Amino acid sequence: MSGAALMVGLAMARPASAIPAFAAQTGLPCAACHIGFPQLTPFGRIFKMEGYVLGDKNYPSIENFSAMTQAGFTHLKDKVPGGLSPDFPSNNAWSIQQTGLFFGGVLDKRIGLGAFVQGTFDGVAHQFHWDNLDIRLAQQTNLFGKPLVYGFTFNNAPGITDLWNTLPAWGYPFIPSALGVGSTAGLQIAGLAQSVAGVGGYAALNVTPADLIYAEADFYAPLPNHTAYALGVGPSVGIASPAYYMRQAVQHSVGENSIEFGATELLDNPYPSGLSHGPTDGIVDLGVDTQLQHIEANQAFSLQAAYFHEAQHWGASYPLGNTANLNDSLNYETVTVSYLWRQLVGATVSYTNITGGADTGLYNSGTGNANGKPNTDSITTELDYYPFNRGGPKIFPWVNAKLFIEGTAYPQFNGLARNYDGNGRSASANNILFTGIWLVF
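Residues numbered from 1 in each chain as written. Predicted model: local features only at pLDDT ≥ 70, side-chain atom pairs only at ≥ 80, totals over all residues. Heavy atoms only, no water.

Novice: In this structure, what is going on with the overall build of the chain? I would like to understand it.
Specialist: In terms of regular secondary structure, the chain is built from 5 helices and 16 strands. Relative to its length of 441 residues, the chain is compact, with a C-alpha radius of gyration of 22 Å against a globular reference of 22 Å. Taken along the three principal axes of its C-alpha coordinates, the chain extends 60 × 45 × 40 Å. The 441 residues of the chain split such that 51% are buried. Restricting the contact set of the chain to residue pairs at least 6 apart, pairs at least 24 apart contribute 63%. Summed over its atoms, the accessible surface of the chain is roughly 18,400 Å², and 64% of this surface lies on carbon and sulfur atoms. (Helix = DSSP H or I, 4+ residues; strand = E, 2+ residues; numbered from the N terminus. Rg over C-alpha atoms; globule rule 2.2 N^0.38 Å. Buried < 20%, exposed > 50% of the residue type's maximum accessible area, 1.4 Å probe, protein only. Contact = heavy atoms within 4.5 Å. Areas by Shrake-Rupley, 256 points an atom, 1.4 Å probe, with all protein chains shown as cover.)

Novice: Looking at this structure, how should I read empty space enclosed by the protein?
Specialist: Empty space among the atoms becomes visible once a probe the size of a water molecule is rolled across them. Tallying each qualifying case throughout the model produces 3 cavities of 30 Å³ or more. Considered as a void within the structure, the largest cavity measures approximately 180 Å³ in volume. Around the largest cavity, the lining is made up of 16 residues, and of these Phe 22, His 34, Leu 40, Lys 48 and Trp 170 lie nearest the centre. By residue number, the principal contributor to the lining of the largest cavity is helix H3 (residues 42-49), which donates 3 residues. Here the residues of the lining of the largest cavity sort into 11 nonpolar, 3 polar and 2 charged. In this structure, the second largest cavity occupies an estimated 120 Å³ of space. Along the wall of the second largest cavity there are 19 residues; nearest its centre are Ile 35, Gln 39, Thr 348, Asp 384 and Tyr 386. Of all elements in the fold, only strand E11 (299-313), strand E12 (327-341), strand E13 (345-356) and strand E14 (376-385) reach the threshold of two or more residues within the lining of the second largest cavity. Classifying every residue of the lining of the second largest cavity gives 10 nonpolar, 6 polar and 3 charged. (1 Å grid on protein atoms, 1.4 Å probe; cavity = no way out; pocket = protein on both sides within 12 Å on 5 of 7 lines; lining within 4 Å. Points joined across faces, edges and corners; volume = space filled by probe spheres on them. Nonpolar A, V, L, I, M, F, W, Y, C, P; charged D, E, K, R; others polar.)

Novice: So what exactly am I meant to see when it comes to the packing of aromatic side chains here?
Specialist: If you walk through the whole model with that rule in mind, you get 16 aromatic pairs. For the ring pair Phe 43 and Phe 47, a centre distance of 6.4 Å and an interplane angle of 40° mean the geometry is tilted. Residue Phe 43 and its partner Phe 47 are located together in helix H3, separated by 4 residues, close to a single helical turn. Of the two residues examined, Phe 43 and Phe 47, each falls in the buried class. Through pairs of rings, three or more aromatic residues link up here, namely Phe 22, Phe 43, Phe 47, Tyr 52, Phe 102, Phe 116 and Trp 170. Stacked on the ring of Tyr 202, the Lys or Arg Arg 136 has its end atom at 4.8 Å from the ring centre. (Phe/Tyr/Trp six-rings, centres within 6.5 Å; stacked < 30°, edge-to-face > 60°. Lys NZ or Arg CZ within 6 Å of the ring centre and 35° of its normal.)

Novice: Help me understand unusual backbone geometry, please; the structure alone is not making it clear to me.
Specialist: One can expect most non-glycine residues to show negative phi and most peptide bonds to be in trans. Here the amide bond leading from Gly 234 into Pro 235 is cis, since omega sits at 0°, within 30 degrees of zero. Mapped onto the secondary structure, Pro 235 falls in the loop between helix H5 (225-230) and strand E8 (239-254). Here the residue pair Ser 241 and Pro 242 is connected by a cis peptide bond, since its omega of 0° sits within 30 degrees of zero. Mapped onto the secondary structure, Pro 242 falls in strand E8. Notably, Tyr 52 is not glycine yet its phi reads approximately 65°, a positive angle. Here Tyr 52 is to be found in the loop between H3 and strand E1 (65-76). The residue Asn 92 is not glycine, and still its phi comes out positive at about 55°. According to the relative accessible area criterion, Asn 92 is partly exposed, its value standing at 41%.

Novice: Could you clarify how one ought to interpret the pairing of strand E5 (residues 146-155) in this entry?
Specialist: Moving residue by residue along a regular strand, the side chains alternate between the two faces of the sheet. In the sheet, strand E4 (residues 127-143) pairs with E5 via 10 bridges, with the strands oriented antiparallel. Of the residues in E5, the one forming a bridge with Asn 142 is Pro 147. Hairpin connection of E4 to E5: 2 residues between the antiparallel strands, including Phe 144 at a positive phi of 55°. (Pairing = 2+ DSSP bridges.)

Novice: What am I meant to see in the side chain of Asn 155 here?
Specialist: Tracing the backbone through its elements, the reader meets Asn 155 in strand E5. For Asn 155, the side chain forms a polar contact with the main-chain nitrogen of Ala 157, separated by 3.4 Å. Not counting residues up to four positions away in its chain, the partners in contact with Asn 155 are Leu 133, Asp 134, Ile 160, Thr 161, Val 196, Ala 197, Gly 198, Asp 218 and Tyr 220. (Polar contact = N/O pair within 3.5 Å; in protein donor to acceptor, adjacent residues only side chain to side chain.)

Novice: Honestly, a nonpolar patch on the surface in this entry has me stumped. Any pointers?
Specialist: On the surface, a nonpolar cluster with roughly 510 Å² of combined accessible area is contributed by Tyr 339, Trp 341, Val 345, Tyr 385, Leu 403 and Ile 437. For Trp 341, the location among the structural elements is in strand E12. We classify Trp 341 as partly exposed; its relative accessible area is 41%. (Patch = residues over 30% accessible without salt bridge, like charges linked within 9 Å, V, L, I, M, F, W, Y side chains within 5 Å. Salt bridge = Lys/Arg side-chain N within 4 Å of Asp/Glu carboxyl O.)

Below, the structure is given as structure tokens:
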């Protein structure tokens, strides 16, 4: 189905939520693009893939700017000695987590140039930083008689360009508490966000009206140290450039349903901690994922699942004593199910599991991990209410909001259910209740 045809169909379908800039540009309700921000609908994926230029505007205007704030209350089962974060109490803390400014939409429609740009003030760290960035130049043609969209992107995070909500860049939880306790282990593909700058190209071929094949390849370099500090993300991430990101996916759509299967690869060579030159380590992230959506006028269902295996070769860190093993691995899997009723009330359940081999150098007591294991399980449930999805105030009809309550339980944390830090703290002590509001206007 062409973008124009799909635009007409969705314009008649339902109202709802995203950044107002896109809604103002296209004249469509936010739900044309999103099932409760930031989950993209099939039309939302087309809008992003075609360079954010759909609509009747050829150049940007004041309507392409939006603002956002997130505020909430954080409660942990057990307090954190010394405070949840500097300048915050040991438990039961209110915070304005983020206040952000967006530019979203067309830059020059004649050449297919558009952008999504976000700058954020972090209310916990008390610092402004550049956030998500994706500038695209997109074109449309035919290949073997089939519609082809291809383009180029300048962006600042592996996966920020992706069309599905299965990768860490756009995956669940969409609004986590910034005051929660985090596990020591994480994927490299998530850790590079905003600390790199990259260029790449992508192509999407409609082999049939219902079947899409997508491929992308990007190359990333670390920001210079002075640039990283100027953008609020310093010090610079220590990797040798380039880092390679690749993405492949197939999508089949029929009626109200769509299903996607994909694969992701990231290859990079980080320097040992604290260094910016010399010998490097090697990290390879390999992932597979799937997304299922069923979207009706009065309800929407989505499922996302992903599995990543990270191979870690500490060729430079091991001789320095920074790791206990020459080779390690990390496995990450997550499954998220969500339901949205009448664009007003939503519910989400998500399970995440992190496993890997023990390494007392990589995971050590200095990071709150006394047993050297990364294994962490979490179960998150969330309830949402969207008060303006049937239309905002007359003075600003594009305004949107989400009121939410989110709870996360940890059966296992940093390798153990009990005394994972050597000081008697249990995994369940980090169970968190987070409630708040997301407001965009």
